[in-house]
Amino acid sequence: MQHDTHLYDLTVIGGGPIGMFAAFYAGLRELDTQLIESLPQLGGQVAALYPEKIIRDVAGFPHIKGRELVHSLQEQMLQFTDCKPQVFCDEEVLSLEKQDTEFVLTTTKRVTHTRQIIVAIGGGAFSPRPLAVKYDPKLDGKEVFYFVKNVADFTGKTVAIAGGGDSAIDWALTLEKVAQKVYLIHRRPRFRGLEANVKRLEASSVDLVTPFNLSELTKQPAGLELQLKQAKGTEQQRLIVDALLVNYGFTADNHVLRDWGLPLEHRALPVDQNMATSIPGIYGIGDTVTYAGKTKLIAAGFGEAPTAINHIAETLYPERKQPLHSTSIA
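For every chain, the first residue of the written sequence is number 1, and numbering continues from 1 onward in sequence order. In keeping with the predicted nature of the model, local features appear solely for residues at pLDDT of at least 70, side-chain atom pairs appear and are counted solely at 80 or more, and the whole-chain, interface and lining totals rest on all residues. Water and hydrogen atoms play no part in the side-chain values, which are based on all heavy atoms of the structure.

## Some remarks on the overall build of the protein chain
At step 1: Here a strand is any run of E in DSSP of at least two residues, a helix any run of H or I of at least four, and the numbering for each starts at the N terminus. Across its full length, the protein chain holds seven helices and 21 strands.
At step 2: Its C-alpha atoms give the protein chain principal-axis dimensions of roughly 70 × 40 × 35 Å.
At step 3: Exposure classes here rest on a 1.4 Å probe applied to the protein chains alone. A residue is buried below 20% of its type maximum, exposed above 50%, and partly exposed in between. Each of the 330 residues in the protein chain was classed as buried or not, and the buried ones make up 49%.
At step 4: For this analysis, residues touch if any pair of their heavy atoms sits within 4.5 Å. Pairs at least 24 apart in sequence give 60% of the contacts found in the protein chain among residues at least 6 apart.
At step 5: The accessible surface values rely on the Shrake-Rupley method and a 1.4 Å probe; as for residues, cover is taken only from the protein chains in view. For the protein chain, the accessible surface area stands at approximately 16500 Å², while carbon and sulfur atoms represent 50% of it.
At step 6: Charged side chains of the protein chain number 34 positive and 38 negative; the gap between the two group centres comes to 7 Å. We count Lys and Arg on the positive side and Asp and Glu on the negative side, and we leave His and both chain ends out. Lysine's charge is taken at NZ, arginine's at CZ, aspartate's at CG and glutamate's at CD.

## A look at the pairing of strand S16 (residues 236-241)
At step 1: Note: strand S15 (residues 223-230) against S16, six bridges, orientation antiparallel. Bridge pairing in S16 links Glu225 to Ile240. Any two strands with at least two DSSP-identified bridges between them are counted as paired.

## Some points on a positive patch on the surface
At step 1: Candidate patch residues must exceed 30% relative accessible area and have no salt bridge, after which like charges are joined if within 9 Å and Val, Leu, Ile, Met, Phe, Trp or Tyr side chains if within 5 Å. Here, a salt bridge means any Lys or Arg side-chain nitrogen found within 4 Å of an Asp or Glu carboxyl oxygen. Taken together, the side chains of Arg129, Arg258, Arg267 and Lys296 define a basic patch exposed on the protein surface.
At step 2: The topology assignment puts Arg267 in the loop between helix H6 (255-259) and strand S19 (269-270).

## Focus: the packing of helix H4 (residues 166-176) against helix H5 (residues 195-202)
At step 1: Relative orientation of the contacting elements H4 and H5 amounts to 40°, with a least axis distance of 10 Å. Judged by the inter-axis angle, H4 sits oblique to H5. Viewed along their axes, H4 and H5 form a crossing whose handedness is left-handed. Taking contact as the criterion, the partners of Asp166, Ile169, Asp170, Ala172 and Leu173 in H4 are, on H5, Asn197, Val198, Arg200 and Leu201. For helices, the axis comes from a line fit to the C-alpha atoms of the stretch in contact; other axes are also lines fit to C-alpha atoms, and the angle between any two N-to-C directions lies between 0 and 180 degrees. If an angle is under 35 degrees, it is roughly parallel; if it is over 145, roughly antiparallel; if it lies from 65 to 115, roughly perpendicular; otherwise it is oblique. Crossings are sorted by hand: turned counterclockwise from the far helix by less than a right angle, the near helix makes the crossing left-handed, and turned clockwise it makes it right-handed.

## Description of H5
At step 1: Buried within H5 we find Asn197, Val198 and Leu201. With its buried residues spanning 100° around the axis, H5 presents them on a single face. Pointing more than 90 degrees away from the buried face of H5 are the exposed residues Glu195, Ala196 and Lys199.
At step 2: Residues of H5 that are buried sit in contact with H4, strand S12 (181-185) and strand S13 (207-209). Directions from the helix axis toward the C-beta atoms define the arc.

## Focus: the nonpolar core
At step 1: Residue types Ala, Val, Leu, Ile, Met, Phe, Trp, Tyr and Cys, when buried and joined through side-chain atoms within 4.5 Å, form a set referred to as a nonpolar core. If you look at the biggest cluster of nonpolar residues, it comprises 54 residues, and the most contacted ones within it are Ile118, Val119, Trp260 and Ile285.
At step 2: Look past the residues within four positions of Val119 in its chain and what remains in contact with it is Ile13, Leu257, Trp260, Leu262, Leu269, Ile282, Tyr283, Gly284, Ile285 and Thr288.
At step 3: Counting residues in each nonpolar core, the second largest holds 24 residues, with Val151, Leu175, Val198 and Leu201 among its members.

## A closer look at the environment of Asp170
At step 1: Inspection of the secondary structure puts Asp170 in helix H4.
At step 2: Owing to a relative accessible area of 11%, Asp170 belongs among the buried residues under this scheme.
At step 3: Considered as a pair, Asp170 and Ile54 are 116 residues apart in the sequence and their alpha carbons are 7.1 Å apart.
At step 4: Ignoring any residue separated from it by four or fewer positions in sequence, one finds Asp170 in contact with Lys53, Ile54 and Asn197.

## Observations concerning the environment of Thr174
At step 1: Along the polypeptide, Thr174 turns up in helix H4.
At step 2: Along the sequence, Thr174 and Glu52 sit 122 residues apart, while their C-alpha atoms lie 9.0 Å from each other.
At step 3: Setting aside anything within four residues of it in sequence, one finds Thr174 in contact with Ile54 and Val151.

## Focus: the packing of aromatic side chains
At step 1: Stacked, tilted and edge-to-face pairs are distinguished by plane angle, under 30 degrees for stacked and over 60 for edge-to-face with tilted covering the rest, among Phe, Tyr and Trp rings (Trp via its six-membered ring) whose centres lie within 6.5 Å. For the coordinates displayed, the defined rule picks out three aromatic pairs.
At step 2: Both rings, one in Phe21 and one in Phe24, keep their centres 5.6 Å apart while their planes meet at 40°; by these two values the pair is tilted. Highlighted residues: Phe21 and Phe24, both in helix H1 (residues 17-28), separated by three residues, approximately one helical turn.
At step 3: Note on Phe21: relative accessible area 15%, which makes it buried.
At step 4: Ring geometry for Phe21 versus Phe302: centroids 5.2 Å apart, planes at 50°, classification tilted. With a gap of 281 residues between them, Phe21 in helix H1 and Phe302 in helix H7 (residues 298-316) connect regions that are remote in the sequence.
At step 5: For Phe302, a relative accessible area of 15% gives the class buried.
At step 6: Ring pairing ties together the aromatic residues Phe21, Phe24 and Phe302, which thus form one cluster.
At step 7: Put simply, a charge is over a ring when the Lys NZ or the Arg CZ is close to the ring centre, within 6 Å, and near the line of the ring normal, within 35 degrees. Between Arg115 and the ring centre of Tyr317, over which it is positioned, the NZ or CZ distance is 5.6 Å.
At step 8: For the cation-ring pair, Lys181 lies above Tyr183, with the distance from its terminal atom to the ring centre recorded as 5.7 Å.

## Some points on the sheet that holds strand S14 (residues 212-220)
At step 1: The antiparallel open sheet is built from three strands, whose spatial order is S14-S15-S16. Taken across any chain shown, the strands that pair with only one partner, and hence form the sheet edges, are S14 and S16. Neighbour to neighbour, the strand axes of the sheet diverge by 20° on average, direction disregarded.

## A few points about the pattern of salt bridges
Opposite charge on two side chains lets them pair, provided their charged atoms get close.
At step 1: Taken as a whole and assessed by the stated rule, the structure comprises nine salt bridges.
At step 2: Notably, a salt bridge pairs Lys53 with Asp170, separated by 3.9 Å at the nearest N-O pair. Taken together, the positions of Lys53 in the loop between helix H2 (44-49) and strand S3 (54-55) and Asp170 in helix H4 put the pair 117 residues apart, joining distant regions of the chain.
At step 3: You can call Lys53 buried: its relative accessible area is 16%.

Just geometry here; none of it tells us what the structure is for.
See the structure below:
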């Protein structure tokens, strides 16, 4: 195992959108920073699961695809020449240990040293909530999908989407533009999405199939046959589609926080107004953390990053003045 003797000012653990923005802002404050991401590429959950999803809650962008947001964040992060963060992908942090005024991190590839840490791993490892009905697993990735890698794959097809939250609504509105027909199946007559999204859905050509649950799924010569049963009723429906997109959400596993010995509250990392944990030198931002009024949005995480970075910069370099406004880059 490599022993990296360099002492970084800051290590950002997690290379999703929030971690990338934190590394960028650390460059603005001229902190010597490394970013460690366990996946082979940057972008976290957005890049791995939602590269084609339209994101609408990032300031300055009326709408932007997940992959485009990740690309822009990477370009923004790496624009500096003097304080460009060192990026290490496909490297998992196994443990962290406080030694005097620094932390020693052991990863799957290195032992590395840092003065401060920001944890930005989101909810941890994600796995989709599966269908509650039995079906042939060979259909996964061919007719049954849990996320969309390429919208064009659904061009001209008849698509059913199971789910009732914002993600299901977003995919229904996105696929409506390319698919021949889109059905949205939800067990309740009302959807759990943002009000503006629900209004757009109701005004669209998406066929809303409510309140129904999927009761059976089989492959037929004509396509994928979906048997639907009315929630709290006896009515049944049958749909023949080319593809089913399951959007029941994801279960998260952030066991690494426990493995690192960090204090947890409801499986999240509690932080104060500076995004600092109860362990001096360790901060948390994004979906990793909890505090009164916490909102789990990319936009909220972007705001938390400068709060943590500025406090870290003041702690490490108290002689520096905190910027009172956004910094321009020549």
